[in-house]
Amino acid sequence: VVFPPYLAALFALMGAMERGGRGGNIDDVVANVCDRVPEAFASGCVFWPFANCVNFALVPAAARVPYLATVGGLWNGYLSNMNEKKREVGR
């Protein structure tokens, strides 16, 4: 329920901040959101169930929060990398 709006907001804000100083317009930001969100959503539907299965099956209860913080950081790094790769292709 929250994942698609989160991705749309993330890519919209990153697009607006990246293009803010370069005279980008809203149409570019919307196009970037439409290009990136479906791929990110599909990747997340594969990544997060696996990460949570590992979390509950193998990670001790005391280490679950640090594990999820690490996995979340890796996920955000993936999203940032995906955003940059798409931007390089568009140049």
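What counts, and at which threshold
- Residues numbered from 1 in each chain as written.
- Predicted model: local features only at pLDDT ≥ 70, side-chain atom pairs only at ≥ 80, totals over all residues.
- Heavy atoms only, no water.
- Helix = DSSP H or I, 4+ residues; strand = E, 2+ residues; numbered from the N terminus.
- Buried < 20%, exposed > 50% of the residue type's maximum accessible area, 1.4 Å probe, protein only.
- Contact = heavy atoms within 4.5 Å.
- Areas by Shrake-Rupley, 256 points an atom, 1.4 Å probe, with all protein chains shown as cover.
- Patch = residues over 30% accessible without salt bridge, like charges linked within 9 Å, V, L, I, M, F, W, Y side chains within 5 Å.
- Salt bridge = Lys/Arg side-chain N within 4 Å of Asp/Glu carboxyl O.
- Core = buried A, V, L, I, M, F, W, Y, C linked by side-chain atoms within 4.5 Å.
- pLDDT = per-residue confidence, 0-100.

**Here we look at the overall build of the protein chain**
Line of reasoning, step 1. Along the backbone of the protein chain there are 3 helices and 0 strands.
Line of reasoning, step 2. Start at the N end of the protein chain and walk to the C end: the helices and strands fall as α-α-α.
Line of reasoning, step 3. By the burial criterion, 25% of the 91 residues in the protein chain qualify as buried.
Line of reasoning, step 4. Across the protein chain, contacts joining residues at least 24 apart in sequence account for 68% of those joining residues at least 6 apart.
Line of reasoning, step 5. Carbon and sulfur atoms make up 71% of the accessible area of the protein chain, which amounts to about 5800 Å² in all.

**Side note on a nonpolar patch on the surface**
Line of reasoning, step 1. Residues Val-1, Val-2 and Tyr-6 make up a contiguous nonpolar surface patch of roughly 370 Å² in combined accessible area.
Line of reasoning, step 2. With respect to the helices and strands, the residue Val-1 is situated in the segment before α1 (3-20).
Line of reasoning, step 3. We classify Val-1 as exposed; its relative accessible area is 97%.

**Here's the deal with the nonpolar core**
Line of reasoning, step 1. Within the largest apolar cluster, 9 residues are counted, these being Leu-7, Phe-11, Met-14, Val-33, Val-37, Ala-40, Trp-75, Leu-79 and Met-82.
Line of reasoning, step 2. Listed by contribution, the elements that provide at least two residues to this core are α1, α2 (26-58) and α3 (64-90).
Line of reasoning, step 3. Aside from chain neighbours lying at most four places away, what touches Ala-40 is Phe-3, Leu-7, Phe-11, Trp-75, Leu-79 and Met-82.

**With respect to the environment of Glu-39**
Line of reasoning, step 1. Along the chain, the position of Glu-39 falls in helix α2.
Line of reasoning, step 2. C-alpha separation for the pair Glu-39 and Met-82, spaced 43 residues apart in sequence, amounts to 9.2 Å.

**Looking at the confidence of the model for the protein chain**
In regions of low pLDDT, the predicted coordinates are not meant to be interpreted in detail.
Line of reasoning, step 1. The predicted model of the protein chain averages 88 in pLDDT, with 87% of residues at 70 or higher.
Line of reasoning, step 2. Averaged pLDDT values over the elements of the protein chain bottom out at 87 in α1 and peak at 94 in α2.

**Observations regarding the environment of Leu-79**
Line of reasoning, step 1. As for its position among the elements, Leu-79 is in helix α3.
Line of reasoning, step 2. In this structure, the C-alpha to C-alpha distance between Leu-79 and Gly-44, residues 35 residues apart in sequence, is 9.8 Å.
Line of reasoning, step 3. With near-sequence residues (within four places) excluded, Leu-79 lies in contact with Tyr-6, Leu-7, Leu-10, Phe-11, Met-14 and Ala-40.

**What to know about the side chain of Asn-55**
Line of reasoning, step 1. Relative to the assigned elements, Asn-55 resides in helix α2.
Line of reasoning, step 2. According to the relative accessible area criterion, Asn-55 is buried, its value standing at 1%.
Line of reasoning, step 3. Sequence-distant contacts of Asn-55, defined by excluding residues within four places in its chain, comprise Arg-64, Tyr-67 and Leu-68.

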